[in-house]
Amino acid sequence: MTARHLEPLRPALVLGALFALLAVMAGAFGAHGLRGVIDERGLEVFQTAVTYQVYHSLALILVAILPVAGLSRRLLGIAAGFFVAGILLFSGSLYLLVLTDLRWVGPVTPVGGMGFMVGWILVVIAGFRR
């Protein structure tokens, strides 16, 4: 498989690296900038957002390179979309909840979690369809 075959998934690779960078920055901010500013529960929620962002940033990088193993670029591209949506909705809503205390964003979090799950299901399906 040539690099040209991986071109459609290049955005997943770039977004994965960008989201990973942002997760490291958010983690540092949470550990150093928020300690003493928000309560322990808020720090825990913030850390959950960072953790899931890191995992799914790596998932984006993974789906960008899995076509080398012969897995469906189409299914992996769709999975990448669900991972991006999951990061934005799950982690994003938790960041907003902690930083702004906007309670209405709480119900958005499970929608992002579903995005993560659908993304992983698509990776499983791509693996079986190999």
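Here, the structure is the one placed above.
Definitions and cut-offs
Residues numbered from 1 in each chain as written. Predicted model: local features only at pLDDT ≥ 70, side-chain atom pairs only at ≥ 80, totals over all residues. Heavy atoms only, no water. Helix = DSSP H or I, 4+ residues; strand = E, 2+ residues; numbered from the N terminus. Expected span 1.5 Å × (residues − 1). Buried < 20%, exposed > 50% of the residue type's maximum accessible area, 1.4 Å probe, protein only. Contact = heavy atoms within 4.5 Å. Patch = residues over 30% accessible without salt bridge, like charges linked within 9 Å, V, L, I, M, F, W, Y side chains within 5 Å. Areas by Shrake-Rupley, 256 points an atom, 1.4 Å probe, with all protein chains shown as cover. Salt bridge = Lys/Arg side-chain N within 4 Å of Asp/Glu carboxyl O. Phe/Tyr/Trp six-rings, centres within 6.5 Å; stacked < 30°, edge-to-face > 60°. Core = buried A, V, L, I, M, F, W, Y, C linked by side-chain atoms within 4.5 Å. Axes fitted to C-alpha atoms, helices over the stretch in contact; angles between N-to-C directions. Parallel < 35°, antiparallel > 145°, perpendicular 65-115°, else oblique. Left-handed = near helix turned anticlockwise from the far one by under 90°. Nonpolar A, V, L, I, M, F, W, Y, C, P; charged D, E, K, R; others polar.

J.: I tried to follow helix H5 (residues 108-128) on my own but got confused; where do I start?
T.: Three- or four-residue spacings in an α-helix give side chains the same orientation, since the helix completes a turn every 3.6 residues. Along its 21 residues, H5 runs 31 Å from first to last C-alpha, staying within 8% of the 30 Å computed at 1.5 Å per residue. Within H5, burial applies to Thr109, Gly112, Gly113, Gly115, Phe116, Gly119, Leu122, Val123 and Ala126. In this structure, the buried side of H5 is in contact with helix H3 (40-65) and helix H4 (73-100).

J.: Mind showing me how you'd approach a nonpolar patch on the surface here?
T.: On the surface, a nonpolar cluster with roughly 360 Å² of combined accessible area is contributed by Leu18, Leu21, Leu22 and Met25. Residue placement: Leu18 occurs in helix H2 (residues 10-33). For Leu18, a relative accessible area of 41% translates into the label partly exposed.

J.: How should I be thinking about the packing of aromatic side chains in this particular structure?
T.: Each pair of aromatic rings is reported with the distance of its centres and the angle of its planes. Counted by the stated rule, this structure contains seven aromatic pairs. Members of the aromatic cluster, connected to one another through ring pairs, are Tyr52, Tyr55, Phe90 and Phe116.

J.: What is the right way to read the nonpolar core from this model?
T.: Nonpolar side chains in soluble globular proteins tend to end up buried together. Core analysis: the largest hydrophobic core is formed by 31 residues, its most contacted members being Phe46, Leu60, Val63, Leu76, Phe83 and Val123. In terms of residues, this core owes the most to one element, H4, which gives 11 residues. Excluding anything up to four places from it in sequence, Val123 contacts Val63, Leu66, Leu76, Ala79 and Phe83.

J.: Would you mind going over the packing of H2 against H4 with me for this structure?
T.: Orientation of H2 relative to H4, taken along the N-to-C sense of each, is 20 degrees, at an axis distance of 11 Å. Judged on the interaxial angle alone, H4 and H2 are roughly parallel. As H2 packs across H4, the resulting crossing turns out to be left-handed. Contacts between H2 and H4 involve Ala12, Leu15, Phe19, Ala26 and Phe29 from the former and Ala80, Val84, Ile87, Leu88, Tyr95 and Leu99 from the latter. Here the residues of the contact of H2 with H4 are counted per class, giving 11 nonpolar, no polar and no charged.

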